[in-house]
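# Survey of secondary and tertiary structure
Okay, here's what each chain looks like letter by letter:
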Amino acid sequence: PDPDRYLANLFALQMVTGNYAAADVSRQSLRDRRRRTDAGRPVGRAAIYDIYAYAKALEVGNRVSFADAFGRAFHEVVGRLNDHDAYAVTRWLQSPPAAYQEALQKALDQQRTNDRIGQTAAVDLIWQYVSFDAYRSFGPWGDARGAEDDGRRYTAAEEVLVKSRGGARISAVVIRPRGAAKRLPTLLEFTLYDSQNYARECAAHGYVGVVAYARGKHGSSGAVVPYQHDGDDARAVINWIAKQAWSDGRVGMYGDGYSGFTSWAAAKHLPPALKAIATSAPTAPGVDVPMGGGIFQNSAYRWSSYVTNTKESDKASYYDDDLWHALDQKWYKSGRRYRDMGTLHGKPNPIFIRWLNHPSYDRYWQNMVPFREQFAHIDIPILTVTGYYAGSELGALYYFTQHHKYDARADHTLLIGPYDDSVMQRGPLATLQAYTVDPVALVDVHELRYQWFDHVFKGAAKPALLAGRVNFEVMGANEWRHAASIDAMAGGVLKYYLNAAAGDEQRLTLKKPQRLAFVRQWVNLADRKDASWMPSTDLISKSLAMHNDRMFVSEPILKTTEFNGSFSLRLDFTVNKMDVDLNVILYERRADGDYIRLFSPTNEVRASYARDRVHRHLLRAGERQELVIRGERMTSRQLQPGSRLVMVLGVNKRPDREINYGTGNDVSEESIADARPPLKIRWYNDSYLEI
């Protein structure tokens, strides 16, 4: 009853029985049907099987080598495609056969012990084999044919040097569509990584694609100094682009992670040719790296060692998790100062020490990206993409909220959903860890970015998914919503009080307690018997292991309720130290007992920076006082009847983080000698959580 499915499966069966001519005819019939229904749509991965069937038919029918047959099939199929679709096909052809071999092996292993196999499973198994055999066959020739096709379509300059301020020379790659009838806008990525670049992909979308490399990378001169020079250097590249004969004077910047940061670093300098920015998972130095919530993280030491040393051995060691885990353990068990990390590692790291010298968001960090009123001067369209489960959500929301704080009319759009940091490069996953993502969230955000650039630079319609300033997927509801601001995502506010109760599980109550009480929390900061403990990062858990934490649980929710936006926590407490590092995580505990994280990673904050990341405000040891923690992460989830809201409030003490012993001195100078007496906290029950 489904002709498309019938023809596709018939092709697969014909291929594995060696009837290649018939398989090619089946593909032709399928193309004829889809030509009518898919007119105007981008080519799909089905084109891979068109090439495969045609090449095998030519190989057998004409008695030629597969290499020759593949060359002809590639030329005839890809040659008639536009640049955009041809780029997609050549990129798919570069997929490693090992991935398909692994999938086939897994499918075979699942069936190996069975005496019989059902028809559906049999067809699925055959498709796994066809996919593997196709990519195995293409392997030796796909890159060469792709390079030939690129040479026909694009003009490439691989080693352009652009002079920046101070005499530095920035290396850039420039890819332009051949035979462009007019000057074109340029899309620029300024990156620290000498790896995959998207210059050719930009050209395939009708732009000039430029990728420029930070000092010390690729062919750029100078030493690698993360963050400090990138704004100036990116501005120099933008100014250079605007003067070229092929440029129409307009530049858009894009990037993920570090190159998301460089887009903002360039915008701080307001180069006239910069007309748009689109970033995913942009880092914000001083905000989410090398610290989060004011707490330095060992991953920053690891990363800074990697990017500032170009030796191959250091590159290999960066991916050696056992090496860095051993260093975490060595430092934690030693009880030494955080500044001694390099001594324990045996290699000096002056960049990391420089960062430790700036624990506040001082001028060192402020000079890297826009700060306060500087955001008001950035009057270009901006798109930010992030996820509820992205480590960089903190940085992305910092840029978004600060921009709108200092310019209420800022043309800055946010797209957020159940994604992690890799969504732009890899695409959204149907299953993220063990969490099943709503089907409506499985959006090609990579292609969406080009659609948005087309809207800005070419007058195309704005993507419908970006209808609001804030565009968010409601997890569990399988629905996208659009709002004018983060505050406007929600229809109201719920206030839950932290109510003391008997046992390990404390209460979140909507009614304010009548009698004052408190929950005790006690942490021995000198204890190192917990060196092997690390918090779970699972998005779904059957239980929560408490470690220096207190859990607060609400009554069952009576009706379907949406939690949209962020949270704030007002704490009424006493503590015997002048500072403490805290973490807050929220869960939905479903009626079946499963805990689902509402965001990840955990929201962390150094108490002395909760009010103001620029100036440190120490706590008053021994006095009852208040502290407001404003969540720097957000979420959207439909909570089901019978579910409970769960908040875990904890003290940070772990091998992969700086440890705050609470003396009020520079935390990186503290050691286990400062650990006594143990940390003692009373959380009073007029503290409350607002969502």
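Residues numbered from 1 in each chain as written. Predicted model: local features only at pLDDT ≥ 70, side-chain atom pairs only at ≥ 80, totals over all residues. Heavy atoms only, no water.

Another aspect to go through is the pattern of salt bridges. Throughout the structure, instances matching the rule amount to 46 salt bridges. Across the salt bridge formed by D232 and R165, the nearest N and O atoms sit 2.4 Å from each other. In this pair, D232 is assigned in helix α9 (residues 230-242) and R165 in the loop between β1 (154-163) and β2 (169-177), connecting sequence segments 67 residues apart. On the accessibility criterion, D232 (18% relative accessible area) is buried. Note that E626 is salt-bridged to R570, the shortest N-O span being 2.2 Å. Remark: R570 occurs in strand β21 (residues 568-575) and E626 occurs in strand β25 (residues 625-630); sequence separation between them is 56 residues. A residue is classified by how much of its surface remains accessible, and E626, at 51% relative accessible area, is exposed. (Salt bridge = Lys/Arg side-chain N within 4 Å of Asp/Glu carboxyl O. Helix = DSSP H or I, 4+ residues; strand = E, 2+ residues; numbered from the N terminus. Buried < 20%, exposed > 50% of the residue type's maximum accessible area, 1.4 Å probe, protein only.)

Glancing now at the nonpolar core. Across soluble globular proteins, nonpolar side chains show a tendency to be buried alongside one another. One finds W355, M647 and L689 to be the most contacted residues of the largest nonpolar core, which totals 114 residues. Dropping the residues within four chain positions of it, L689 is found in contact with L494, K495, Y496, L498, L508, F567, S568, L569, L586, L645 and M647. Formed by 53 residues, the second largest nonpolar core is a distinct cluster that contains V173, Y435, L448 and V474. (Core = buried A, V, L, I, M, F, W, Y, C linked by side-chain atoms within 4.5 Å. Contact = heavy atoms within 4.5 Å.)

Next up on the list: the sheet that holds strand β5 (residues 247-256). Across the sheet, 10 strands lie side by side as β1-β2-β4-β3-β5-β6-β9-β10-β13-β14; this open sheet has mixed pairing. Looking at which strands have only one partner, the edges of the open sheet turn out to be β1 and β14 (479-483). Neighbour-to-neighbour, the strand axes of the sheet open up by a mean angle of 20°, direction not taken into account. Two strands pair when backbone bridges link them, and strand β9 (residues 382-387) and strand β10 (residues 412-417) are joined in this way by six bridges, in the parallel orientation. Paired with I382 across the strands is H412, a residue of β10. Contacts from helix α10 (residues 258-268) reach β3 (184-191), β5, β6 (274-280), β9 and β10, with the element oriented near 135° to β5. (Pairing = 2+ DSSP bridges. Axes fitted to C-alpha atoms, helices over the stretch in contact; angles between N-to-C directions.)

What follows is about helix α13 (residues 321-334). In this model, α13 (14 residues) spans 20 Å end to end at C-alpha, consistent with the 20 Å of a helix rising 1.5 Å per residue. Regarding α13, the residues found buried are W324, L327, D328, Q329, W331 and Y332. Just past α13, the residue G335 takes up positive phi, approximately 75°. (Expected span 1.5 Å × (residues − 1).)

All chains considered together, the criterion is met by 43 aromatic pairs. Consider the rings of Y49 and W127, whose centres lie 5.4 Å apart with planes at 80°: the pair is edge-to-face. You can see Y49 sitting in helix α3 (residues 46-61) and its partner W127 sitting in helix α7 (residues 119-153), a full 78 residues away along the chain. Across this residue pair, the class does not change: Y49 and W127 are buried. Aromatic pair W331 and Y338: ring centres 5.3 Å apart, planes at 80°, arrangement edge-to-face. Of the two residues examined, W331 and Y338, each falls in the buried class. Three or more aromatic residues joined by ring pairs form one cluster here, namely Y227, Y258, F261, Y301, W303, W324, W331, Y332, Y338, F352 and W355. Over the face of the ring belonging to Y318 we find R302, whose NZ or CZ atom lies 5.3 Å from the ring centre. Sitting over the face of the ring of Y684, R624 holds its NZ or CZ atom 4.4 Å from the ring centroid. (Phe/Tyr/Trp six-rings, centres within 6.5 Å; stacked < 30°, edge-to-face > 60°. Lys NZ or Arg CZ within 6 Å of the ring centre and 35° of its normal.)

Contact geometry of helix α1 (residues 3-16) with α7 gives a least axis separation of 10 Å together with a crossing angle of 65°. By the criterion of interaxial angle, the relationship of α1 to α7 is roughly perpendicular. For the crossing formed where α1 meets α7, the hand is left-handed. Contacts from A8, N9, F11, A12, L13, M15 and V16 of α1 reach α7 at V123, I126, W127, Y129 and V130. Tallied by class, the residues present in the contact of α1 with α7 amount to 11 nonpolar, one polar and no charged. (Parallel < 35°, antiparallel > 145°, perpendicular 65-115°, else oblique. Left-handed = near helix turned anticlockwise from the far one by under 90°. Nonpolar A, V, L, I, M, F, W, Y, C, P; charged D, E, K, R; others polar.)

On to the environment of G631, then. Its location among the elements puts G631 in the loop between β25 and β26 (635-639). With near-sequence residues (within four places) excluded, G631 lies in contact with S566, F567, S568 and N603.

A separate point is the packing of helix α11 (residues 298-307) against α13. Running from N to C, α11 and α13 cross one another at 130°; their axes reach a closest spacing of 11 Å. Here α11 is positioned oblique relative to α13, judged by the angle of their axes. Between α11 and α13 lies a crossing of right-handed hand. Residue-level inspection shows N298, Y301, R302 and S305 of α11 in contact with α13, the latter providing D321, W324, L327, D328 and W331. Residue composition of the contact of α11 with α13, grouped by class: four nonpolar, two polar and three charged.

So, on to the side chain of T413. With respect to the element layout, T413 can be found in strand β10. Residue T413 is classed as buried on the basis of its relative accessible area of 1%. The residues contacting T413, other than those within four sequence positions of it, are I382, L383, T384, F400, K462, L466, G468, R469 and N471.

Turning to the pairing of strand β19 (residues 549-554), a few remarks are in order. Of all six residues in β19, five are buried; the element is thus mostly enclosed. As paired strands, strand β16 (residues 505-509) and β19 are joined by four bridges and run parallel to one another. Paired with R507 across the strands is V553, a residue of β19. With five bridges connecting them, β19 and strand β27 (residues 644-651) associate as antiparallel partners.

This part is about the environment of L192. Residue position: L192 is located in the loop between β3 and α8 (199-204). According to the relative accessible area criterion, L192 is buried, its value standing at 2%. For the pair formed by L192 and R570, sequence separation is 378 residues and the distance between their alpha carbons is 40 Å. Among all residues touching L192, those that are not within four sequence positions of it are A214, K217, V224, Y258, W303 and V307.

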